[in-house]
Amino acid sequence: MMTDASSTIFQDKIDQDIRIEPKDWMPDAYRKTLIRQISQHAHSEIVGMLPEANWITRAPSLRRKATLIAKVQDEAGHGLYLYSAAETLGISREEMIDQLHSGKAKYSSIFNYPTLTWADMGAIGWLVDGAAIMNQVPLCRASYGPYARAMVRICKEESFHQRQGFEILLTLSRGSEAQRRMCQDAIDRWWWPSVMMFGPNDDASPHTAQSMQWKIKRFTNDELRQRFVDICAEQVKLLGMTIPDDQLRWNEERQHYDFGPIDWEEFRNVINGNGPCNKERLAARVQAHEDGAWVREAALAHAEKKIQYGKTA
Amino acid sequence: MEKQHNWPLWEIFIRSRQGLDHKHVGSLHAADSAMAIENARDVYTRRMEGISIWVVESKYVHASNPDEASSFYDPANDKVYRHPTFYDLPDELKHM
Ligand SMILES: [Fe+2]
Ligand SMILES: [Fe+2]
């Protein structure tokens, strides 16, 4: 069998930062892990549109409405870039969508929280997109070519998302007493779920070592989480708000912020389908897909008819 | 008759500026070429990344085989004389 030689060549290429392309030989486990990782990420982009779509019709001004629509539209684009990157690994779009709708595939647990006030649009942009960027920037150098290229495109677009979020919070933080309370309340609700976005602690994520060897993960969960906390702990000062963690303080020795324990029980609960909005989110996706079925069929029938009549558009 | 239910996959190529080649940017699903072009505009040029779009149905793309890459490109390997630097000429020679 040539598998041994092949896997040595494969790992050599990765060690030398030579990208793996769709038709290159790759270990089955690499392919499977990537399909799972990329499709989960795609699902997160798509489901992630729902909490924000909730506020489009109620945005406080035309400017806010236009930027929120643009942001949500970007997230749809991110989902599409990632679905097509995953498809190059041999899984079909329908399979992925089925996996999402049947609950077999996961998406980021953060999107199972409700968006209660307009300030949530700010907190999501600042914290949720902020955490996503922290995760995604290193993946621009992921070993799988189509994935890395999709991430480059995504990262270019994300920084506007985070800035528009922070601007929303900044405006509220300079507003009335009620607006300031709303701002703090949104930060209080979104902080811990955002910190959890980086996934389990390193000692509880057994696949990290393999993924790092394959360069489809470039930093550990805890490294990225620490970086996120360090940055936010400074940025929140500009808002004159606080982060809801009484153990958050600068550690001179470590040159990092220390922070309090994470409620992993809650994390597992939400991942396993018991978050405040899991059912609602999935139901909305399934309904959109089913409601769109006749459009997909009609478009296909129309395309076939045009071919029959010999005028390909 | 069992009909094909899914929109085919298209490869998208975009010319970012006048004077540059169309470059592959990714793929998407669409029922026909007109829809593929419109979807490509929405998916790949939201920030004026392009002024021209080509779409090709993926099944029509034929590719060289990466497993044969070494033998396939081998003939070009030992022909350094195809490059101008191969030729020994005095420094005094100008405009060449
Ligand atoms: Fe995104
Ligand atoms: Fe985003």
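Since we're looking at a predicted model, the values are computed, not measured.

A. How the structure looks around the overall build of chain B. From N to C terminus, chain B includes 2 helices and 3 strands. Starting at the N terminus and walking to the C terminus, you meet the elements of chain B as β-β-α-β-α. A compact globule built from 96 residues should have a C-alpha radius of gyration of about 12 Å, whereas chain B, at 22 Å, is more than 25% larger. With respect to the three principal axes, the spread of C-alpha positions in chain B is 70 × 35 × 15 Å. Per-residue burial over chain B gives 24% buried out of 96 residues. By sequence separation, contacts in chain B at least 24 residues apart represent 43% of the contacts at least 6 residues apart. Total accessible area computed for chain B in this model is approximately 7,600 Å², and 55% of it derives from carbon and sulfur atoms. Distance between charge centroids for chain B: 8 Å, based on 11 positive and 15 negative side chains.

B. Quick peek at the interface of chain A and chain B. Of the residues lining the interface, 24 residues belong to chain A; the matching set on chain B comes to 22 residues. With both chains or domains summed, chain A and chain B bury close to 1,900 Å², and 50% of this area falls on carbon and sulfur atoms. Of all residues in chain A, the largest losses of buried area upon contact with chain B belong to Lys23, Arg153 and Leu300 of chain A, amounting jointly to 24% of the total for that side. Counting the contacts that link chain A with chain B gives 5 salt bridges. Note that Glu157 of chain A is salt-bridged to Arg47 of chain B, the shortest N-O span being 3.4 Å.

C. A look at the packing of helix α8 (residues 177–196) of chain A against helix α10 (residues 221–239) of chain A. Residue and element names in this part refer to chain A. Relative to each other, α8 and α10 sit at 175°, their axes nearing to 12 Å. Between α8 and α10, the crossing angle belongs to the class labelled roughly antiparallel. Two secondary-structure elements touch here, α8 through Arg180, Ile187, Trp191, Ser194, Val195 and Met196 and α10 through Arg225, Phe228, Val229, Cys232 and Leu239. Counted by class, the contact of α8 with α10 contains 8 nonpolar, 1 polar and 2 charged residues.

D. Broad picture of the coordination of the iron ion (ligand 1). Residues and elements named next belong to chain A. Every protein donor of the iron ion (ligand 1) is accounted for by Glu45 (OE), Glu75 (OE), His78 (ND1) and Glu158 (OE), and the metal-donor separations fall at 2.1 to 2.2 Å. Each of the 4 donor atoms around the iron ion (ligand 1) contributes to a set of angles spanning 80 to 162°, which defines the coordination as irregular. Sequence spacing of the donor residues for the iron ion (ligand 1), all on one chain, is E-x29-E-x2-H-x79-E. Between the iron ion (ligand 1) and the iron ion (ligand 2), a separation of 3.4 Å is found, and both are coordinated by Glu75. Taken together, the positions of Glu45 in helix α2 (residues 28–47) and Glu158 in helix α7 (residues 145–173) put the pair 113 residues apart, joining distant regions of the chain. Residue class for Glu45 comes out buried when judged on its relative accessible area of 6%. For Glu158, a relative accessible area of 2% corresponds to the buried category.

E. Spotlight on the environment of Ile69 of chain A. Residues and elements named next belong to chain A. For Ile69, the location among the structural elements is in helix α4 (residues 62–87). With a relative accessible area of 39%, Ile69 lands in the partly exposed category. Between the alpha carbons of Ile69 and Trp55 there is a distance of 9.7 Å; along the sequence they are 14 residues apart.

F. Seen up close, the confidence of the model for chain B. All names here are of chain B. Confidence in the prediction for chain B averages 91 pLDDT; 96% of positions are at 70 or higher. Mean pLDDT across the elements of chain B ranges from a minimum in helix α2 (residues 69–73), with 85, to a maximum in strand β3 (residues 52–57), with 98. Confidence estimates for the predicted assembly give a pTM of 0.92 and an ipTM of 0.88.

G. Expanded view of the coordination of the iron ion (ligand 2). Around the iron ion (ligand 2), the protein contributes the donor atoms Glu75 of chain A (OE), Asp129 of chain A (OD), Glu158 of chain A (OE), Glu158 of chain A (OE) and His161 of chain A (ND1), at 2.0 to 2.6 Å from the metal centre. All donor residues of the iron ion (ligand 2) come from one chain, and their arrangement in sequence is E-x53-D-x28-E-x2-H.

H. Representation of the pattern of salt bridges within the structure. Residue and element names in this part refer to chain A. Counted under the stated rule, the structure contains 24 salt bridges over all chains. Note that Asp258 and Arg254 form a salt bridge whose closest N and O atoms lie 2.8 Å from each other. In the salt-bridge network here, residues are joined through shared partners; they are Glu52, Lys71, Glu75 and Asp129.

I. Structural view of α7 of chain A. Between its first and last C-alpha, α7 of chain A extends 42 Å over 29 residues, near the 42 Å set by a 1.5 Å rise per residue. At Glu157 of chain A, α7 of chain A is deflected by roughly 30°, the largest bend along its length.

J. Structural detail: the environment of Ser211 of chain A. Residues and elements named next belong to chain A. By secondary structure assignment, the location of Ser211 is in helix α9 (residues 208–213). When the C-alpha atoms of Ser211 and Ala283 are compared, they prove to be 32 Å apart, with 72 residues separating the residues in sequence. Each residue touching Ser211, except ones within four places of it in the same chain, is listed here: Thr33, Ile216 and Lys217.

K. Local environment of a nonpolar patch on the surface. Where nonpolar side chains cluster on the molecular surface, the patch consists of Val80, Tyr81, Phe86, Tyr87, Leu89, Leu93 and Met96 of chain B and spans about 770 Å² of accessible area. Relative to the helices and strands, Met96 of chain B is located in the segment after α2.

L. Layout of helix α1 (residues 33–44) of chain B. Taking 1.5 Å per residue as the helical rise, α1 of chain B with its 12 residues ought to reach 16 Å, and the 15 Å between its terminal C-alpha atoms agrees with that figure. Burial in α1 of chain B covers these residues: Ser33, Ala36, Ala40, Val43 and Tyr44 of chain B. The buried residues of α1 of chain B occupy an angular sector of 85° when the element is viewed end-on, so they sit on one face. For α1 of chain B, the secondary structure elements touched by its buried residues are α4 and α7 of chain A together with β1 (9–15), β2 (22–29) and β3 of chain B. Two to three positions downstream of the cap, the backbone nitrogen of Ala34 of chain B sits 3.3 Å from a side-chain oxygen, assigning the N-cap of α1 of chain B to Asp32 of chain B.

M. Structural view of the packing of aromatic side chains. Going through the model one piece at a time under the given rule, you end up with 14 aromatic pairs over all chains. Judged by centre distance (6.5 Å) and plane angle (65°), the rings of Trp55 of chain A and Trp118 of chain A are edge-to-face. Highlighted residues: Trp55 of chain A in the loop between α3 (49–53) and α4 and Trp118 of chain A in the loop between α5 (93–101) and α6 (119–136), separated in sequence by 63 residues. Considered together, Trp55 of chain A and Trp118 of chain A belong to a single accessibility category, that of buried residues. The interplanar angle of 85° and the centroid separation of 5.0 Å between the aromatic rings of Phe86 of chain B and Tyr87 of chain B together place this pair among those described as edge-to-face. For Phe86 of chain B, a relative accessible area of 42% puts it in the partly exposed group. Pairwise contacts between aromatic rings join Phe10, Trp25, Tyr30 and Trp214 of chain A into one cluster. When the ring centre of Trp55 of chain A is taken as reference, the NZ or CZ atom of Arg58 of chain A above it lies at 4.0 Å. Taking NZ or CZ as reference, Arg227 of chain A lies 4.4 Å from the ring centre of Phe219 of chain A, over its face.

The rules behind the values
- Residues numbered from 1 in each chain as written.
- Chains lettered and ligands numbered in written order.
- Predicted model: local features only at pLDDT ≥ 70, side-chain atom pairs only at ≥ 80, totals over all residues.
- Heavy atoms only, no water.
- Helix = DSSP H or I, 4+ residues; strand = E, 2+ residues; numbered from the N terminus.
- Rg over C-alpha atoms; globule rule 2.2 N^0.38 Å.
- Buried < 20%, exposed > 50% of the residue type's maximum accessible area, 1.4 Å probe, protein only.
- Contact = heavy atoms within 4.5 Å.
- Areas by Shrake-Rupley, 256 points an atom, 1.4 Å probe, with all protein chains shown as cover.
- Lys, Arg positive; Asp, Glu negative; His and termini not counted.
- Charge placed at Lys NZ, Arg CZ, Asp CG, Glu CD.
- Buried area = accessible area lost by both parts, 1.4 Å probe.
- Salt bridge = Lys/Arg side-chain N within 4 Å of Asp/Glu carboxyl O.
- Axes fitted to C-alpha atoms, helices over the stretch in contact; angles between N-to-C directions.
- Parallel < 35°, antiparallel > 145°, perpendicular 65-115°, else oblique.
- Nonpolar A, V, L, I, M, F, W, Y, C, P; charged D, E, K, R; others polar.
- Donors = N, O, S within 2.8 Å, 3.2 Å for Na, K, Ca; no water.
- Tetrahedral: all angles 85-135°; square planar, octahedral: opposite > 155°, others 65-115°.
- pLDDT = per-residue confidence, 0-100.
- Expected span 1.5 Å × (residues − 1).
- Bend = angle between axes of the 7 residues up to and from the residue.
- Patch = residues over 30% accessible without salt bridge, like charges linked within 9 Å, V, L, I, M, F, W, Y side chains within 5 Å.
- Arc of directions from axis to C-beta.
- Polar contact = N/O pair within 3.5 Å; in protein donor to acceptor, adjacent residues only side chain to side chain.
- Phe/Tyr/Trp six-rings, centres within 6.5 Å; stacked < 30°, edge-to-face > 60°.
- Lys NZ or Arg CZ within 6 Å of the ring centre and 35° of its normal.

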